[in-house]
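Next come the chains, spelled out residue by residue.
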Amino acid sequence: CIDDEIPFEIPDSWEWARLGSLVLNRPQVTPDNSFCYIDIGSIDNMSLQLSSEETVIQPNNAPSRARKPVEVGDVLYSTVRPYLHNACIVDRRMSCPAIASTGFAAMVCPAGLSSAYLLACMVSPFFDSYANDLDNAKGVAYPAINDTRLYRGLISVPPQAEQTRITMRIDELLKRVTNQ
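Residues numbered from 1 in each chain as written. Predicted model: local features only at pLDDT ≥ 70, side-chain atom pairs only at ≥ 80, totals over all residues. Heavy atoms only, no water.

### Quick word on the overall build of the protein chain
Of the regular secondary structure elements, the protein chain holds 5 helices and 13 strands. The C-alpha radius of gyration computed for the protein chain amounts to 17 Å, which stays within 12% of the reference 16 Å derived for 180 residues, consistent with globular compactness. In terms of overall dimensions, the protein chain has a C-alpha envelope of 50 × 35 × 35 Å along the principal axes. Within the protein chain, buried positions represent 41% of all 180 residues. Pairs at least 24 residues apart make up 76% of the contacts formed inside the protein chain by residues separated by at least 6 positions. Accessible area of the protein chain: about 10100 Å², with a carbon and sulfur share of 52%. Counting 15 positive and 21 negative side-chain charges, the protein chain places the centres of these two groups 4 Å from one another. (Helix = DSSP H or I, 4+ residues; strand = E, 2+ residues; numbered from the N terminus. Rg over C-alpha atoms; globule rule 2.2 N^0.38 Å. Buried < 20%, exposed > 50% of the residue type's maximum accessible area, 1.4 Å probe, protein only. Contact = heavy atoms within 4.5 Å. Areas by Shrake-Rupley, 256 points an atom, 1.4 Å probe, with all protein chains shown as cover. Lys, Arg positive; Asp, Glu negative; His and termini not counted. Charge placed at Lys NZ, Arg CZ, Asp CG, Glu CD.)

Given below as structure tokens:
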């Protein structure tokens, strides 16, 4: 029961849910073919965009952290130094299968949850304060939130049409800010 943890009121048509109950995760893999590696440096944290450059790696040169297969539409959120907002939506197919670092939470949004809305929630001040709270983000030089704590975080979920309206408005406002 999350009733005692609800931080503020939301409209009646919305609901509070734990992140872990909203998203799916693919099983980790050990690469056995060439793959496009996505590490934390592959994300522009100012634009929340995945770099257009691909890092193709052969399986015998795979970093030990290359374990999380991702597909178009998945949301990546860096669990290492979450205050940097290294997060994005995988927005395109790559030249070979994409595998992300275990430094990410790689989340699949099922029907009814917009990837764009989830990304906006994950970098919001509300979720940011949760992820970076000293009880959650452990470590001095490279504070990190573990998957258990991350997926216990609360997300407010509106109906899908409202998710779309919210993300469209965010995009509109960000364009105004970045064009000035």
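After presenting the structure, the write-up continues.
### A few points about the pairing of strand S13 (residues 154-157)
Two faces belong to every sheet, and in a regular strand the side chains alternate between them. The side-chain alternation of S13 yields two buried faces, one formed by Leu154 and Ser156 and the other by Ile155 and Val157. Sheet analysis places strand S1 (residues 15-18) next to S13, joined by 4 bridges and oriented antiparallel. By the bridge assignment, Ala17 is partnered in S13 with Ile155. (Pairing = 2+ DSSP bridges.)

### Quick notes on the sheet that holds strand S10 (residues 104-107)
Strand pairing in a sheet relies on backbone hydrogen bonds. The paired strands run either parallel or antiparallel. In space, the 3 strands of this open sheet follow the order S8-S7-S10, with antiparallel pairing throughout. Each edge of the sheet is formed by a strand with only one pairing partner; in this case those strands are strand S8 (87-89) and S10. Looking at each pair of strands side by side, their axes are set apart by 10 degrees on average, direction ignored. (Axes fitted to C-alpha atoms, helices over the stretch in contact; angles between N-to-C directions.)

### With respect to the pattern of salt bridges
Per the counting criterion, the structure on display carries 7 salt bridges. In this structure, the salt-bridge partner of Glu172 is Arg169, at a minimum N-O distance of 2.4 Å. Here Glu172 pairs with Arg169, and both are found in helix H5 (residues 160-178), just 3 residues apart, close to one helical turn. Note on Arg169: relative accessible area 40%, which makes it partly exposed. The shortest N-O distance in the salt bridge between Arg176 and Glu172 comes to 3.5 Å. With a gap of 4 residues between them, Arg176 and Glu172 both fall in helix H5, about one helical turn apart. Residues joined in a network through salt bridges with shared partners are Arg169, Glu172 and Arg176. (Salt bridge = Lys/Arg side-chain N within 4 Å of Asp/Glu carboxyl O.)

### A few points about the side chain of Ser114
You can see Ser114 is positioned in the loop between S10 and helix H2 (115-122). Among the residues examined, Ser114 registers a relative accessible area of 16% and is labelled buried. In this structure Ser114 touches Cys109 and Gln163, once residues within four positions along its chain are discounted.

### Quick notes on the environment of Ile43
In this structure, Ile43 sits in strand S3 (residues 43-44). Its relative accessible area of 7% is what places Ile43 among the buried residues. In this structure, the C-alpha to C-alpha distance between Ile43 and Asp171, residues 128 residues apart in sequence, is 18 Å. Those residues in contact with Ile43, other than ones at most four positions away along the chain, are Gln49, Leu50, Leu76, Asn86, Ala87, Cys88 and Phe104.

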